[in-house]
Amino acid sequence: MRRSSLRTSLFFASLLLAVLVVGGVSITTYIVVSEVVAVAAHDAAVQASLRAADIAKVRATDAALEAANRGLTGTERGQEAKRLLFRDVPVMFRGGRDGVEVAFYDENLEPLWFSDERALVVDDEARQRAMTAAKPVESAQHVRQPPLVGLFRPTTLDVLTVHVPIDLPDGTRGIIDVTYFPELEESIMDRVRLPMLVLALSSALVMVVMIQAAVGWILRGIEQLRLAAESIEAGHLEVQLPVEGNHEVANLARSLNLLIGRLRHRAAMQTRFVADASHELATPVAGIRGYTGILRAWGAEDAEVRDEAIAAIDRESRRMARLCGDLLAIVRTDQAGGIEAVPFDVNELARESMASALTRYKHKGIEHAGPPEAALEAVGDPARLEDVISVLLDNAFKYTSAGGVVTIETQATDEIVTIEVSDTGIGIPAEDLPNIFERFYRSDASRSKATGGFGLGLPIAKAAVEAMGGDITVRSAHGEGTTVTVLVPRDLSTG
Ligand SMILES: Nc1ncnc2c1ncn2[C@@H]1O[C@H](COP(=O)(O)OP(=O)(O)OP(=O)(O)O)[C@@H](O)[C@H]1O
Ligand SMILES: [Mg+2]
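Parameters at a glance
- Residues numbered from 1 in each chain as written.
- Chains lettered and ligands numbered in written order.
- Predicted model: local features only at pLDDT ≥ 70, side-chain atom pairs only at ≥ 80, totals over all residues.
- Heavy atoms only, no water.
- Salt bridge = Lys/Arg side-chain N within 4 Å of Asp/Glu carboxyl O.
- Helix = DSSP H or I, 4+ residues; strand = E, 2+ residues; numbered from the N terminus.
- Buried < 20%, exposed > 50% of the residue type's maximum accessible area, 1.4 Å probe, protein only.
- 1 Å grid on protein atoms, 1.4 Å probe; cavity = no way out; pocket = protein on both sides within 12 Å on 5 of 7 lines; lining within 4 Å.
- Points joined across faces, edges and corners; volume = space filled by probe spheres on them.
- Nonpolar A, V, L, I, M, F, W, Y, C, P; charged D, E, K, R; others polar.
- Pairing = 2+ DSSP bridges.
- Axes fitted to C-alpha atoms, helices over the stretch in contact; angles between N-to-C directions.
- Domains from an automatic or database assignment.
- Contact = heavy atoms within 4.5 Å.
- Phe/Tyr/Trp six-rings, centres within 6.5 Å; stacked < 30°, edge-to-face > 60°.
- Lys NZ or Arg CZ within 6 Å of the ring centre and 35° of its normal.

Attention now goes to the pattern of salt bridges. Counted under the stated rule, the structure contains 29 salt bridges. Close ionic contact of E438 with R272 constitutes a salt bridge, the shortest N to O distance being 3.4 Å. Residue E438 is found in the loop between strand 10 (416-423) and helix 10 (445-451), and its partner R272 is found in helix 6 (residues 248-299); the two are separated by 166 residues along the sequence. Residue class for E438 comes out partly exposed when judged on its relative accessible area of 33%. A relative accessible area of 43% places R272 in the partly exposed class. Measuring nitrogen to oxygen at the nearest pair gives 3.6 Å for the salt bridge that ties E420 to R475. Of this pair, E420 sits in strand 10 while R475 is found in strand 11 (residues 471-477), placing the two residues 55 residues apart along the sequence. Connected via shared salt-bridge partners are R59, D62, E66, R70, E80, R83, R87 and D88.

See below:
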């Protein structure tokens with residue numbers, strides 16, 4: 001529904017655009033052409049008038065000479081010359097040639113001769129001006145229509161008359177009216193008009209069709225994206241959008257494919273996490289149930305069996321409690337926000353964590369070093385940082401045997417606090433290093449079982465460090481020891 005209304009709006013928008021663009025271009029072209037033609041018509045009129053005046057003057061001079069040759073003098077000579085002139089005028093100015101009509105007027109502006117009725121332009125005032133100024137005067141009969149009208153109707157251009165004063169052989173002054181009818185120019189305009197209209201309409205049509213094709217193509221892309229979004233919403237994460245070319249729609253499809261891929265990966269991780277967590281919980285539950293059975297069968301009679309079962313149930317329930325605590329810690333770090341920014345001493349925090357780890361691993365006889373005595377002030381989330389340091393120290397002590405050394409070092413610049421926990425323990429095989437931050441990953445199943453871990457310590461630490469905007473890296477050589485480096489911003493209050 002929404003898509004089709006968009007298509008309709010875009011159709012009307014493209015139609016309007018086509019009409020505006022093509023109409024604008026056509027009208028401008030037509031105006032330019034008609035102006036050029038009007039200027040050409042004016043030039044033709046002026047040229048015709050100059051020619052006509054020249055011809056008349058030459059003939060008047062010839063006629064005066066001819067009359068003189070006949071021995072006439074004075075007024076008689078003038079009269080005869082004028083008669084000779086007007087005898088030849090009809091031959092010289094045959095009517096309608098090249099759209100030019102000519103009319104002669106005497107000094108009283110009465111017509112002496114005209115090539116056609118059309119030549120008798122009713123404009124005594126202009127003739128009078130030409131007579132008085134003794135200079136040619138132009139006048140126009142405004143029949144020219146506005147350019148827009150000319151686009152749809154036969155063209156009519158201005159009819160131009162040039163009134164040229166001329167000295168007649170009898171000593172009087174007359175006027176030649178040379179009137180130019182721009183029929184040639186009008187016919188040119190008429191011939192241009194139809195092809196122009198056809199061209200304009202077909203360009204508008206082509207434009208609309210092309211815009212519609214482009215819109216259709218884009219909307220088809222959007223429709224595919226919508227279908228993909230719907231199937232994602234319905235839980236089908238296996239959809240993959242077609243990606244063709246390197247344009248914006250393809251780029252959007254590419255980004256959505258990446259998003260779908262990430263969602264798929266996340267969903268798989270989630271499923272694996274739940275499966276792993278259930279599996280880890282199932283082991284101590286099975287232990288507890290087994291020992292409860294033993295207690296029920298023999299616990300009343302055999303004190304040794306009873307004590308062993310109670311100790312085992314206690315051990316397994318502690319393990320369950322620890323796992324539940326770790327799972328809760330993961331859920332907490334997965335939820336965004338909640339990072340504090342309070343002043344604290346990093347070294348004091350490290351010292352307390354070291355003391356608590358030493359208490360837990362007292363029996364192993366491991367040497368320890370650090371952190372420095374001096375205070376290292378920072379602003380951040382001490383509780384989260386303590387979680388991180390505890391995880392690292394726990395691993396260091398857990399995976400180091402008697403006689404080994406666990407060291408914690410701290411240093412800081414104005415921006416960054418660096419905490420390094422290193423040990424001389426068993427180290428991590430190179431092939432396991434890329435996986436140790438995955439939830440429930442333990443590098444060696446049998447060893448981990450012996451040490452009782454879940455494989456949740458490092459993922460929890462990494463999530464906490466990243467929540468603080470920091471970074472955690474591990475360097476390790478199998479059999480030689482491990483160093484974990486944590487970098488966190490020194491002042492979390494400055495964002
Ligand atoms: N300091 C270390 N020395 C040797 N191996 C280590 C060290 N730290 C981590 N590892 C390896 O990385 C794995 C993942 O560590 P992580 O702390 O996530 O889990 P865990 O210690 O096995 O269990 P948990 O921390 O949940 O009790 C460990 O199982 C161990 O194989
Ligand atoms: Mg651990």
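Vacant regions in the atomic arrangement are exposed by a probe of water-molecule size rolled over the atoms. Its volume calculated, the largest pocket comes out at about 990 Å³. In terms of lining, the largest pocket is formed by 41 residues, of which the most central are V391, D394, N395, K398 and G457. Elements with a contribution of two residues or more to the lining of the largest pocket: helix 7 (303-334), helix 9 (382-398), strand 10, helix 10, helix 11 (457-467) and strand 12 (481-489). Element by element, the count of residues in the lining of the largest pocket is highest for helix 9, at eight residues. For the lining of the largest pocket, the residue count by class is 18 nonpolar, 13 polar and ten charged.

Let us now look at the environment of R83. Secondary-structure assignment places R83 in helix 2 (residues 74-92). Linking R83 and D170, residues 87 residues apart in sequence, is a C-alpha distance of 9.4 Å.

On the basis of which strands lie adjacent, the open sheet formed by five strands has the order 7-9-10-12-11 and mixed pairing. On the outer flanks of this sheet lie strand 7 (367-369) and strand 11, each paired with one strand and no other. If you compare each strand with its neighbour and ignore which way they point, the axes differ by 10° on average. As judged from the eight bridges shared by strand 10 and strand 12, these two strands associate in the antiparallel manner.

Attention now moves to the domain arrangement of the protein chain. The domain boundaries assigned to the protein chain delineate domain 1 (2-202), domain 2 (237-335) and domain 3 (337-494). Inter-centroid distance (C-alpha atoms) of domain 1 to domain 3 is 103 Å.

Turning to unusual backbone geometry, a few remarks are in order. In most cases, non-glycine residues show a negative phi, while peptide bonds are predominantly trans. Of note, the amide linkage connecting G370 to P371 takes the cis form, showing an omega dihedral of 0°. Note that P371 resides in the loop between strand 7 and strand 8 (377-380). In the Ramachandran plot, L109 falls in the positive-phi region, its phi being about 60° despite a non-glycine side chain. As for its position among the elements, L109 is in the loop between strand 1 (100-105) and strand 2 (111-114). Positive phi values are uncommon outside glycine, yet F440 reaches one of about 70°. Take F440: it is sitting in the loop between strand 10 and helix 10.

In this section: empty space enclosed by the protein. The full count for this structure, using the stated rule, is two cavities of 30 Å³ or more. When its volume is computed, the largest cavity comes out at roughly 70 Å³. Lining the largest cavity we find 13 residues, and of these F344, G380, L385, V488 and P489 sit closest to its centre. Listed by contribution, the elements that provide at least two residues to the lining of the largest cavity are strand 8 and strand 12. For the lining of the largest cavity, the element with the highest residue contribution is strand 8, accounting for three residues. Split into classes, the residues belonging to the lining of the largest cavity amount to ten nonpolar, one polar and two charged.

Turning our attention to the sheet that holds strand 4 (residues 159-167). Pairing between the strands of a sheet comes from backbone hydrogen bonds, and it takes one of two forms, parallel or antiparallel. Judged by pairing direction, the sheet is antiparallel, and its five strands sit side by side in the order 2-1-5-4-3 without closing on themselves. The open sheet has two edge strands, strand 2 and strand 3 (137-141), and neither has a second partner. Direction aside, the axes of adjacent strands within the sheet are offset by 20° on average. Across the sheet, helix 3 (residues 124-133) touches strand 1, strand 3, strand 4 and strand 5 (173-180), and the angle it forms with strand 5 is around 130°.

What follows is about the packing of aromatic side chains. Per the counting criterion, the structure on display carries six aromatic pairs. With centroids separated by 5.3 Å and ring planes inclined at 80°, the aromatic side chains of F86 and F104 adopt a geometry described as edge-to-face. Taken together, the residues span a long stretch of sequence, with F86 in helix 2 and F104 in strand 1 at a distance of 18 residues. The same class applies to F86 and to F104, which are both buried. Feature note: the residues F86, F93, F104 and W113 constitute an aromatic cluster, connected by ring pairs. Just above the ring of F437 sits the side chain of K462; from NZ or CZ to the centre is 5.0 Å.

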